[in-house]
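Working through the structure, step by step
The residues making up each chain are set out below.
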Amino acid sequence: NVALSALAEAEAVGNQSGDLEMAMEIRASRKHEEVALAAAKRAAELCAREREEALQARKGLQERVAEALRSEKDARDSVLGSLEEALGVAEELRGECLRLREKSSAAAKW
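So, here is what we can say about the structure in this document. What you see is a predicted model, and the numbers here were worked out from it, not measured in a lab.

1. A short note on the overall build of the protein chain
- Helix and strand content of the protein chain: two helices and zero strands.
- Among the 110 residues that make up the protein chain, the fraction classed as buried is 7%.
- Taken as a whole, the protein chain presents about 9,400 Å² of accessible surface, with 59% of it coming from carbon and sulfur.

2. Things to note about the pattern of salt bridges
- All told, the structure shown has six salt bridges when counted by the stated rule.
- Arg 42 serves as the salt-bridge partner of Glu 45, at 3.9 Å between the closest nitrogen and oxygen. Here Glu 45 pairs with Arg 42, and both are found in helix α2 (residues 20-109), just three residues apart, close to one helical turn.
- Judged by relative accessible area, Arg 42 falls into the partly exposed class, the value being 41%.

3. Some thoughts on a nonpolar patch on the surface
- A surface patch of nonpolar side chains, amounting to about 270 Å² of accessible area, comprises Leu 61, Val 65 and Leu 69.
- Mapped onto the secondary structure, Val 65 falls in helix α2.
- Residue class for Val 65 comes out partly exposed when judged on its relative accessible area of 46%.

Conventions adopted
Residues numbered from 1 in each chain as written. Predicted model: local features only at pLDDT ≥ 70, side-chain atom pairs only at ≥ 80, totals over all residues. Heavy atoms only, no water. Helix = DSSP H or I, 4+ residues; strand = E, 2+ residues; numbered from the N terminus. Buried < 20%, exposed > 50% of the residue type's maximum accessible area, 1.4 Å probe, protein only. Areas by Shrake-Rupley, 256 points an atom, 1.4 Å probe, with all protein chains shown as cover. Salt bridge = Lys/Arg side-chain N within 4 Å of Asp/Glu carboxyl O. Patch = residues over 30% accessible without salt bridge, like charges linked within 9 Å, V, L, I, M, F, W, Y side chains within 5 Å.

Function cannot be inferred from these measures alone, as they are strictly geometric.
Here it is, written out as structure tokens:
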């Protein structure tokens, strides 16, 4: 880190020049900088973890939506199949009714 390097260099200059008070102030500043840097690093790690968790939650949600859409399509296909089957039965019954009506009409003529 550039700031930490600069502070370490300034501390060394203070020590070499004999200005111990300045060196101690710089050392304290460097410690504060290290603490701030560690806090920033921790915050970045937490953000990365939360982002990953959010991405996983999003993926799970997308999978559930896809499954719901597949279920909806399956249900719709099933209903359409049942309607087609019912229509086929209704057409057969209509045909049977027409045949019976024709036989009844023919029998009435005798």
